[in-house]
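Structural overview for review
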Amino acid sequence: MDLGLRGKNVLITGSTQGIGRRVANLFAEEGANVAICSRSPESVNKAIKEIQVLADGKITGAPCNIKKKEEYEDWIDAMAEELGGVDVFIPNVSAGGGADSEKNWWKNFEIDVLGTVRGVEKVIPHMEERGGGAITMISTTAAVETFMMPQAYNSMKAALITYAKQLSQEQGDKNIRVNSISPGPIFFDGGAWDMIKTSNQKFYEKTEKTHALGRLGTPEEVAKCIVFLSSAAASWVTGVNFVVDGGYTKRVQF
Ligand SMILES: NC(=O)c1ccc[n+]([C@@H]2O[C@H](COP(=O)([O-])OP(=O)(O)OC[C@H]3O[C@@H](n4cnc5c(N)ncnc54)[C@H](OP(=O)(O)O)[C@@H]3O)[C@@H](O)[C@H]2O)c1
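Criteria and thresholds
Residues numbered from 1 in each chain as written. Predicted model: local features only at pLDDT ≥ 70, side-chain atom pairs only at ≥ 80, totals over all residues. Heavy atoms only, no water. Patch = residues over 30% accessible without salt bridge, like charges linked within 9 Å, V, L, I, M, F, W, Y side chains within 5 Å. Areas by Shrake-Rupley, 256 points an atom, 1.4 Å probe, with all protein chains shown as cover. Salt bridge = Lys/Arg side-chain N within 4 Å of Asp/Glu carboxyl O. Lys, Arg positive; Asp, Glu negative; His and termini not counted. Charge placed at Lys NZ, Arg CZ, Asp CG, Glu CD. Buried < 20%, exposed > 50% of the residue type's maximum accessible area, 1.4 Å probe, protein only. Helix = DSSP H or I, 4+ residues; strand = E, 2+ residues; numbered from the N terminus. Pairing = 2+ DSSP bridges. Axes fitted to C-alpha atoms, helices over the stretch in contact; angles between N-to-C directions. Near = heavy atom within 4 Å. Polar contact = N/O pair within 3.5 Å; in protein donor to acceptor, adjacent residues only side chain to side chain. Nonpolar A, V, L, I, M, F, W, Y, C, P; charged D, E, K, R; others polar. Contact = heavy atoms within 4.5 Å. Right-handed = clockwise from strand over helix to strand, strands pointing away. Phe/Tyr/Trp six-rings, centres within 6.5 Å; stacked < 30°, edge-to-face > 60°. Lys NZ or Arg CZ within 6 Å of the ring centre and 35° of its normal.

The grouping of Arg39, Lys67, Lys68, Lys103 and Lys107 at the surface amounts to a positive patch. On the accessibility criterion, lysine 107 (31% relative accessible area) is partly exposed.

See the structure below:
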């Protein structure tokens, strides 16, 4: 199956490690032109060099803290100019989980929600110029079923699912598809679940067993679904929330 990504211009935030990085790798392998960012110039430069080895297309990037509105908007415009437009946008950065306090609510609102909304509002005019595009927002299974505790992360990620659906209705006539993806717990070295494995082994093992497939997922398994949803191969898919979790959630998804 041809994903039709060769020559497409893809912007991914928070893409030097974890899921975002695997998404960048895969788009590059599919022949897309890819722009990455993180807050660390060293990590961005290192990742660009490593991704270039996999790529036929142009790989670029720049340090950017998506929390800073102007810096973020400038990053989008600079990347769009360098690549010659935007076809795909993956707002991937999250403030992560944390105990339920006002600080966490602001942090998750600012990074997860506004970080997505600001990016979307900035990329849509670029996509209109290209005659369409695809936006894939990153939510989590913690938004669709109860998880751990009443924390801002779960609720703010749930907001993205509703936002993606409503945006998909508004943007359809411009040929812009909007979807969200909800990964379950994903393990990789240095990631959140690596830390949980060390700090709370009992909870980690219980989580493993809760999966129908008996294990946590990998960033590559999530990245493949993100890349598919964002590609022409999913041209008739818009407004969905794609749960990718190895059978971790238990509800029937009508
Ligand atoms: N891991 C999981 O189990 C899991 C499960 C469900 C959903 N998700 C979602 O998947 C997405 C990726 O998660 P992940 O675990 O792969 O993340 P991660 O390993 O923590 O990677 C985050 C990336 O974002 C960058 N970043 C962090 N804050 C930033 C900011 N303010 N501005 C720009 N870049 C920033 C980081 O680099 P710097 O620190 O150098 O800036 C890094 O490249 C998130 O939206 C998360 O909620 C993850």
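Another aspect to go through is the pattern of salt bridges. Throughout the structure, instances matching the rule amount to eleven salt bridges. For glutamate 73, the salt bridge is made with lysine 69, and the minimal N-O distance between the two is 3.1 Å. Taken together, the residues glutamate 73 and lysine 69, both in helix 3 (residues 69-83) and four residues apart, mark about one turn of the helix. One salt-bridge network, in which partners are shared between bridges, spans Arg21, Lys46 and Glu50.

With that settled, the discussion passes to the sheet that holds strand 5 (residues 133-138). The parallel open sheet is built from seven strands, whose spatial order is 3-2-1-4-5-6-7. Each having just a single partner strand, strand 3 (59-61) and strand 7 (241-244) make up the two edges of the open sheet. Each adjacent strand pair in this sheet contributes to an overall mean axis angle of 20°, direction not counted. Here six bridges tie strand 5 to strand 6 (residues 176-183), and the two strands are oriented parallel to one another.

We now examine the site of the ligand. Residues in close proximity to the ligand total 26 residues, the closest being Thr16, Ile19, Arg39, Asn92 and Tyr153. Between the ligand and the protein, one listed contact pairs a nitrogen atom with a backbone N or O atom of cysteine 64 at 3.5 Å. A distance of 3.1 Å is found between a nitrogen atom of the ligand and a backbone nitrogen or oxygen belonging to isoleucine 66. Against a free-state accessible area of 900 Å², the protein chains account for coverage of 84% of the ligand. Taken together, the residues of the shell around the ligand break down into eleven nonpolar, 13 polar and two charged.

You can see glutamate 82 is positioned in helix 3. Look at glutamate 82 and you get partly exposed, because its relative accessible area is 38%. Residues glutamate 82 and threonine 60 lie 22 residues apart in sequence; the distance between their C-alpha atoms is 8.1 Å. Not counting residues within four places of it along the chain, the set of residues in contact with glutamate 82 comprises Lys58 and Thr60.

Turning to its location among the elements, lysine 157 is positioned in helix 5 (residues 152-171). Setting aside chain neighbours within four positions, we find lysine 157 in contact with Ser94, Asp112, Ile138, Ser139, Thr140 and Ala143.

Turning our attention to the pairing of strand 6. Of all eight residues that make up strand 6, eight are buried, and the element is covered over most of its length. Burial of strand 6 is two-sided: the residues Ile176, Val178, Ser180 and Ser182 facing one way and the residues Arg177, Asn179, Ile181 and Pro183 facing the other way are all buried. Remark: the strand 5/helix 5/strand 6 crossover connection has right-handed handedness. Relative to strand 7, strand 6 runs parallel, the two sharing four bridges. Each bridged residue has a counterpart across the sheet, and for isoleucine 181 the counterpart in strand 7 is phenylalanine 242.

Bringing unusual backbone geometry into the picture now. Unusually for a residue other than glycine, methionine 148 sits at a positive phi of about 65°. Within the fold, methionine 148 resides in the loop between strand 5 and helix 5. Judged by its relative accessible area of 52%, methionine 148 is exposed.

Our next topic: the packing of aromatic side chains. In total, this model carries four aromatic pairs according to the counting rule given. Between the aromatic rings of tryptophan 193 and phenylalanine 203, the centroid separation amounts to 5.7 Å while the plane-to-plane angle is 25°, which identifies the pairing as stacked. Placement of the pair is tryptophan 193 in helix 6 (residues 192-199) and phenylalanine 203 in helix 7 (residues 201-210), with a sequence separation of ten residues. Relative to tyrosine 204, the ring of tryptophan 193 has its centre 6.3 Å away and its plane inclined at 55°; by these criteria the two rings are tilted. Taken together, the residues span a long stretch of sequence, with tryptophan 193 in helix 6 and tyrosine 204 in helix 7 at a distance of eleven residues. The pair formed by tryptophan 193 and tyrosine 204 is uniform in burial state, with each residue classed as buried. Here a set of aromatic residues connected by ring pairs shows up, and it is made of Phe147, Phe187, Trp193, Phe203 and Tyr204. One residue, arginine 22, lies across the ring of phenylalanine 188, its end atom 5.7 Å from the ring centre.

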